[in-house]
Protein chains: 2
Amino acid sequence: MGYNEESFIKILKSKGLKVTNQRKTVLKALSSKPDQHLTAEEIYELVRVDIPEIGIATIYRTIQLLCELGLIDKLNLDDGYVRYEIGKEDKNEHHHHHLICVNCGKVLKFDDDLLDELEKQVGKTTGFIVHDHELKMYGYCRDCQNNRK
Amino acid sequence: MGYNEESFIKILKSKGLKVTNQRKTVLKALSSKPDQHLTAEEIYELVRVDIPEIGIATIYRTIQLLCELGLIDKLNLDDGYVRYEIGKEDKNEHHHHHLICVNCGKVLKFDDDLLDELEKQVGKTTGFIVHDHELKMYGYCRDCQNNRK
DNA sequence: ATTACTGCAAAGTTTTTGCAGAGGT
DNA sequence: ACCTCTGCAAAAACTTTGCAGTAAT
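Residues numbered from 1 in each chain as written. Chains lettered and ligands numbered in written order. Predicted model: local features only at pLDDT ≥ 70, side-chain atom pairs only at ≥ 80, totals over all residues. Heavy atoms only, no water.

Trainee: How would you summarise the overall build of chain A if you had to cite specific residues and measurements?
Mentor: Of the regular secondary structure elements, chain A holds six helices and six strands. Taken from the N to the C terminus, the helices and strands of chain A come in the order α-α-β-α-α-β-β-β-β-α-β-α. Summarising its shape, the C-alpha atoms of chain A cover approximately 45 × 45 × 25 Å along the three principal directions. Of the contacts made within chain A by residues no fewer than 6 positions apart, 50% connect residues no fewer than 24 positions apart. (Helix = DSSP H or I, 4+ residues; strand = E, 2+ residues; numbered from the N terminus. Contact = heavy atoms within 4.5 Å.)

Trainee: Which residues make up the relation of the copies chain A and chain B, and what values do they have?
Mentor: For the pair chain A and chain B, the relating rotation is 180 degrees, the translation along its axis is 0.1 Å, and the fit reaches an RMSD of 0.1 Å. Viewed as a symmetry operation, the transformation between the two copies matches a two-fold axis. Using C-alpha coordinates, one finds that chain A approaches the rotation axis most closely at Leu135(A), a distance of 2.2 Å. Looking at chain A, 97% of its interface residues are interface residues in chain B too, so the copies touch through the same face. (Least-squares fit on C-alpha atoms with pLDDT ≥ 70 in both.)

Trainee: I'd like a rundown of the protein's contact with DNA strand C, residues and numbers included.
Mentor: Contacts to DNA strand C come from 19 residues, most closely from Tyr60(A), Lys18(B), Arg23(B), Thr58(B) and Arg61(B). Here the atoms of DNA strand C within 4 Å of the protein split so that 69% fall in sugar or phosphate, with bases taking the remainder. At a separation of 3.5 Å, a phosphate oxygen of DNA strand C approaches a polar backbone atom of Glu53(B). Looking at side-chain class alone, the surface near DNA strand C contains nine nonpolar, four polar and six charged residues. (Near = heavy atom within 4 Å. Polar contact = N/O pair within 3.5 Å; in protein donor to acceptor, adjacent residues only side chain to side chain. Nonpolar A, V, L, I, M, F, W, Y, C, P; charged D, E, K, R; others polar.)

Trainee: Talk me through the sheet that holds strand β3 (residues 82-86) of chain B; I want residue IDs and the actual numbers.
Mentor: One key point about sheets: their strands pair by backbone hydrogen bonds, in either a parallel or an antiparallel sense. Residues and elements named next belong to chain B. Pairing is antiparallel in the open sheet, where three strands are placed in the order β1-β3-β2. The sheet is open, and its two edges are formed by β1 (38-39) and β2 (72-76), each paired on a single side. By the bridge criterion, two bridges tie β1 to β3 in an arrangement that is antiparallel. By the bridge assignment for β3, Thr39 is matched with Arg83. (Pairing = 2+ DSSP bridges.)

Trainee: If you had to explain the sheet that holds strand β1 (residues 38-39) of chain A to someone new, which residues and values would you point to?
Mentor: All names here are of chain A. Pairing within the open sheet is antiparallel, and its three strands lie in the order β1-β3-β2. Each end of this open sheet is capped by a strand with a single partner; those strands are β1 and β2 (72-76). Where β2 and strand β3 (residues 82-86) come together, five bridges link them in antiparallel fashion. Its bridge partner lying in β3, Leu75 is registered against Arg83.

Trainee: Give me the interface of chain A and chain B: which residues, what numbers.
Mentor: Taken together, the contacts link 33 residues of chain A with 32 residues of chain B. Interface area for chain A against chain B, summed over the two sides, is near 3,200 Å², with a carbon-plus-sulfur share of 67%. Interface area lost by chain A to chain B is led by Phe128(A), Glu134(A) and Met137(A), which between them contribute 19%. Where chain A packs against chain B, one counts 14 residue pairs in polar contact (both at pLDDT 80 or more). Looking at the side of chain A that touches chain B, the elements with two or more residues in it are β2, β4 (95-101), β5 (107-110), α5 (114-126), β6 (129-140) and α6 (142-148) of chain A. Of all the elements, β6(A) adds the most residues to the side of chain A that touches chain B, at 12 residues. Taken together, the residues of the side of chain A that touches chain B break down into 17 nonpolar, eight polar and eight charged. Where β6(A) and strand β6 (residues 129-140) of chain B come together, 11 bridges link them in antiparallel fashion. The residue bridging Tyr140(A) from the neighbouring strand is Ile129(B), located in β6(B). (Buried area = accessible area lost by both parts, 1.4 Å probe.)

Trainee: Outline the protein's contact with DNA strand D, supporting the account with residue identities and numerical values.
Mentor: In the vicinity of DNA strand D there are 19 residues, among which Thr20(A), Arg23(A), Thr58(A), Arg61(A) and Tyr60(B) approach most closely. If you look at DNA strand D and keep only atoms within 4 Å of the protein, 70% of those are sugar or phosphate atoms. Thr58(A) is positioned with one of its side-chain polar atoms (N or O) 2.7 Å from a phosphate oxygen of DNA strand D. Note that a base nitrogen of DNA strand D is positioned 3.2 Å from one of the side-chain N or O atoms of Lys18(B). Among the elements of the structure, α2 (21-32) and α4 (56-68) of chain A together with α4 (56-68) of chain B are those that each provide at least two residues to the surface near DNA strand D. Looking at the surface near DNA strand D residue by residue, the classes come out as eight nonpolar, four polar and seven charged.

Trainee: How would you explain α2(A) if you had to name every residue and give the values?
Mentor: Since the α-helix packs 3.6 residues into each turn, any two residues three or four apart lie on the same face. For α2(A), spanning 12 residues, the distance from its first C-alpha to its last is 16 Å, which sits close to the expected 16 Å at 1.5 Å a residue. Buried within α2(A) we find Lys24(A), Thr25(A), Val26(A), Leu27(A), Ala29(A), Leu30(A) and Ser31(A). (Expected span 1.5 Å × (residues − 1). Buried < 20%, exposed > 50% of the residue type's maximum accessible area, 1.4 Å probe, protein only.)

Trainee: Kindly report on the side chain of Asp73(B), identifying the contributing residues and their values.
Mentor: Residue and element names in this part refer to chain B. Within the fold, Asp73 resides in strand β2. The buried category is assigned to Asp73, whose relative accessible area is 17%. Ignoring anything within four residues of it in the chain, the contact list for Asp73 reads Arg83, Tyr84, Glu85, Gly87 and His96.

As structure tokens, then:
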């Protein structure tokens, strides 16, 4: 689980890409916060602890690369920031479900397979071949409910 | 269905907001394209047909207002643009489901109530009170499947 | 008459790009 | 040695803000 340097190096080499400290450190940073959803700026701050001279452009370029490799996922919580999270190791679980508190912004992840059936159903109706889906639920978390009382 | 000027005027007046041609025209533009998902720039172009002197700042301010009033919805298709679409007249149908072709970018809407059950289930498990949800499915539309052959 | 709204231009944010030098293969 | 990657700075793209004039109530 989390960060596997071995396999990351293998992936990079197999594509003729170079293994750099910047790339390893960015992926490590995202792996170290598996339950957070980091912005480019937050990743930048994390990586600067190890590589103070890194530029934000490298962060953006690396993020884009990691997305293309399928190692991280882009996430939009509609708060004005584009966020990123480490992907699931098991690529067969292709579901990123998020429960978002509209009051405090807390984000919980949850898994559910109910949607596989829906995917098939929608495919038949519309002619789409569905590969992936993303579900977000908005509401109030337990803490925020308590604080309102 | 779509654009109801009467009720829009009522809503604005009830909040002490002014009824301006700019606001009416922006809402009308979004209503005229109920199945499209327009960016601020696209809305700007549409509205300029009627009001050539309008500024992009007014578009942004009006979009934000219409979102707050719940008349339009923000939508993010992860293509780098924030998009907007006219809301459903019936506020009880709070589901915006989108089927996105990853090849041509076409977006289809679909309705499904399967998720109401899931909302309740998730609420019990996590303690969240869920108000709304958003589901996106990614795949290949029928046209793009044919073109690949 | 009063107060909110608009258009313009400037400024703020976030992200991308060009290029010369550094670093991995 | 080769060619990719990085850091820097500039530019691009998108959105917000301040302000003086305009329009709605």
